[in-house]
Amino acid sequence: EIQKIYTTYVIPLPEMADDNNRVHTHFDQLGASTGRMSSSSPNVQNIPNQGDWGKRIRRGFIAQKGFQLVSFDYSQIELRVAAHLTGDERLCDFFRQGADIHKNTAAEVFGVNAEDVTDEMRYKAKALNFGVLYGMGAGGFARSARIPLEEARDFIENYFAKFPGIYEYVEKTKEMVREKGYAETMFGRKRYIPEIYSTTPQLRAQAERMAINHPIQGTLADITKMAMVEIAETIQEEGLKMLVQIHDELLFEMRNDILGKTMGRIREIMKEAGKLSVPVVVDIKEGINWGEMKKLTV
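1. Some details on the sheet that holds strand 6 (residues 240-246)
The pairing of strands in a sheet happens through backbone hydrogen bonds and is either parallel or antiparallel.
No. 1: If you trace the five strands from one edge of the open sheet to the other, you get 6-7-3-8-9, paired in antiparallel fashion. In this open sheet, the two edge strands, each paired with only one partner strand, are strand 6 and strand 9 (294-296). Strand-to-strand twist of the sheet, defined as the mean angle between neighbouring strand axes without regard to direction, takes the value 30°.
No. 2: In terms of strand pairing, strand 3 (residues 67-74) meets strand 8 (residues 282-287) through six bridges, oriented antiparallel.

2. Overview of the side chain of Asn289
No. 1: Along the chain, Asn289 turns up in the loop between strand 8 and strand 9.
No. 2: On the basis of relative accessible area, Asn289 is assigned to the buried category, the value being 6%.
No. 3: Those residues in contact with Asn289, other than ones at most four positions away along the chain, are Arg58, Arg59, Phe61, Ile62 and Leu69.

3. Description of the nonpolar core
Soluble globular proteins: nonpolar side chains tend toward being buried together.
No. 1: Grouped together as the largest cluster of nonpolar side chains are 57 residues, with contacts concentrated most on Phe72, Tyr74, Phe141, Met254, Ile266 and Met270.
No. 2: Ile5, Tyr9, Val44 and Met293 belong to the second largest nonpolar core, which has 15 residues in total.

4. Let's talk about the pairing of strand 6
No. 1: With six bridges joining them, strand 6 and strand 7 (residues 249-255) adopt antiparallel strand pairing. Within strand 7, the position partnered with Gln245 by the bridge is Leu250.

5. Focus: the pattern of salt bridges
No. 1: Taken as a whole, this structure holds 20 salt bridges when the rule is applied.
No. 2: Of the charged contacts in the structure, one is a salt bridge between Asp93 and Arg96, with a shortest N-O distance of 3.6 Å. With a gap of three residues between them, Asp93 and Arg96 both fall in helix 5 (residues 89-96), about one helical turn apart.
No. 3: Among the ionic pairs, Arg189 bridges to Asp222, the shortest N-O distance being 2.8 Å. Of this pair, Arg189 sits in the loop between strand 4 (182-184) and strand 5 (190-192) while Asp222 sits in helix 11 (residues 201-234), placing them 33 residues apart in sequence.
No. 4: Residue classification places Asp222 among the buried residues on the basis of a relative accessible area of 10%.
No. 5: A cluster of three or more residues bridged by salt bridges with shared partners is formed by Arg22, Lys241 and Glu253.

6. Some words on a nonpolar patch on the surface
No. 1: On the surface, Tyr6, Val10 and Ile11 cluster together into a nonpolar patch covering about 250 Å² of accessible area.
No. 2: The residue Val10 is located in helix 1 (residues 2-10) in this model.
No. 3: Judged by relative accessible area, which is 37%, Val10 ranks as partly exposed.

7. Comments concerning the packing of helix 7 (residues 119-133) against helix 8 (residues 138-145)
No. 1: Axis separation between helix 7 and helix 8 bottoms out at 9 Å; the angle between their running directions is 140°. It follows from the interaxial angle that helix 7 and helix 8 lie oblique. When the axes of helix 7 and helix 8 are compared, the crossing they make is right-handed. Of helix 8, the residues touching helix 7 (which contributes Tyr123, Lys124, Ala127 and Leu128) are Phe141, Ser144 and Ala145.
No. 2: When its residues are assigned to classes, the contact of helix 7 with helix 8 shows five nonpolar, one polar and one charged.

8. Thoughts on the packing of aromatic side chains
No. 1: This model, assessed by the stated rule, comprises nine aromatic pairs.
No. 2: Between the aromatic rings of Phe94 and Phe163, the centroid separation amounts to 6.2 Å while the plane-to-plane angle is 70°, which identifies the pairing as edge-to-face. Separated by 69 residues along the polypeptide, Phe94 in helix 5 and Phe163 in the loop between helix 9 (149-162) and helix 10 (164-180) bring together distant segments of the chain.
No. 3: Among the residues examined, Phe163 registers a relative accessible area of 0% and is labelled buried.
No. 4: Ring plane angle 40° and centroid distance 5.0 Å describe the contact between Tyr159 and Phe163, whose orientation is recorded as tilted.
No. 5: Counting every residue linked through ring pairs, the aromatic cluster contains Phe94, Tyr159, Phe160, Phe163 and Tyr167.
No. 6: The ring of Trp53 carries Arg56 above its face, with NZ or CZ at 4.3 Å from the centroid.

9. Some words on the environment of Gly287
No. 1: By the secondary structure assignment, Gly287 is in strand 8.
No. 2: Taking the C-alpha atoms as reference points, Gly287 and Val70, 217 residues apart in sequence, are found 6.7 Å from one another.
No. 3: When near neighbours in sequence (up to four residues on either side) are disregarded, Gly287 contacts Gln68, Leu69, Glu292 and Met293.

Procedures and definitions
- Residues numbered from 1 in each chain as written.
- Predicted model: local features only at pLDDT ≥ 70, side-chain atom pairs only at ≥ 80, totals over all residues.
- Heavy atoms only, no water.
- Pairing = 2+ DSSP bridges.
- Helix = DSSP H or I, 4+ residues; strand = E, 2+ residues; numbered from the N terminus.
- Axes fitted to C-alpha atoms, helices over the stretch in contact; angles between N-to-C directions.
- Buried < 20%, exposed > 50% of the residue type's maximum accessible area, 1.4 Å probe, protein only.
- Contact = heavy atoms within 4.5 Å.
- Core = buried A, V, L, I, M, F, W, Y, C linked by side-chain atoms within 4.5 Å.
- Salt bridge = Lys/Arg side-chain N within 4 Å of Asp/Glu carboxyl O.
- Patch = residues over 30% accessible without salt bridge, like charges linked within 9 Å, V, L, I, M, F, W, Y side chains within 5 Å.
- Areas by Shrake-Rupley, 256 points an atom, 1.4 Å probe, with all protein chains shown as cover.
- Parallel < 35°, antiparallel > 145°, perpendicular 65-115°, else oblique.
- Left-handed = near helix turned anticlockwise from the far one by under 90°.
- Nonpolar A, V, L, I, M, F, W, Y, C, P; charged D, E, K, R; others polar.
- Phe/Tyr/Trp six-rings, centres within 6.5 Å; stacked < 30°, edge-to-face > 60°.
- Lys NZ or Arg CZ within 6 Å of the ring centre and 35° of its normal.

Below, the structure written as structure tokens:
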């Protein structure tokens, strides 16, 4: 781990800095098949945010004097997009009530009250909530949740029985891709998946996972880009710089005297960008450097 951080970040990053000690990444709008932007030279989306060494590297990214770094992060946005696309009533209700989505999913699947859900139950429910978005089968879920294969099969069967809208979405999406040869986002952006017609079972299964995942991850990519465009067009503040896009997070550098009025405006634009049928939550953090950001309530 230390060797990788040393060779990937510690040595190269200072050498990439310009005369103002700023590092400039390169973004590619077509770098990922889902439509997400990718970053290179350096890849700032991959700079670790976990562990002591990852945080040390992030502490090297410092706001200029009189400014703060401010992060806006979509909370559980993939699951919220999934709730919107599937229309599953239970899932949508959880988000409308502001409930703990993984705890309530566990309560439904295990047939217990939410207050009786254990950490282990919640962990398994979380693994499956996200696993469904990636077309995860029983084998993948068993490995992810560290449970026997038979238990994983039963769990998935019970999950789909409790969330029939999700099951219907998964099956309809696979069928649509078989018919049309492509999957599309909520906004109509297509991804062609010719492997869906493959006679090789592994390739076909991989294509089905792409078919389920693309409308969700691709829609999130669309929403994030739409928010970025609207922020750039509507907030022409002196002392506001959009620095980095990391999947479902935007990082800005803001002058201290505009923090209060600008943060709320950015969050509202991000919340409204996709006009989902469930509430969208955007978490805000700020700090003098990227490794020591504190969550704000604005």
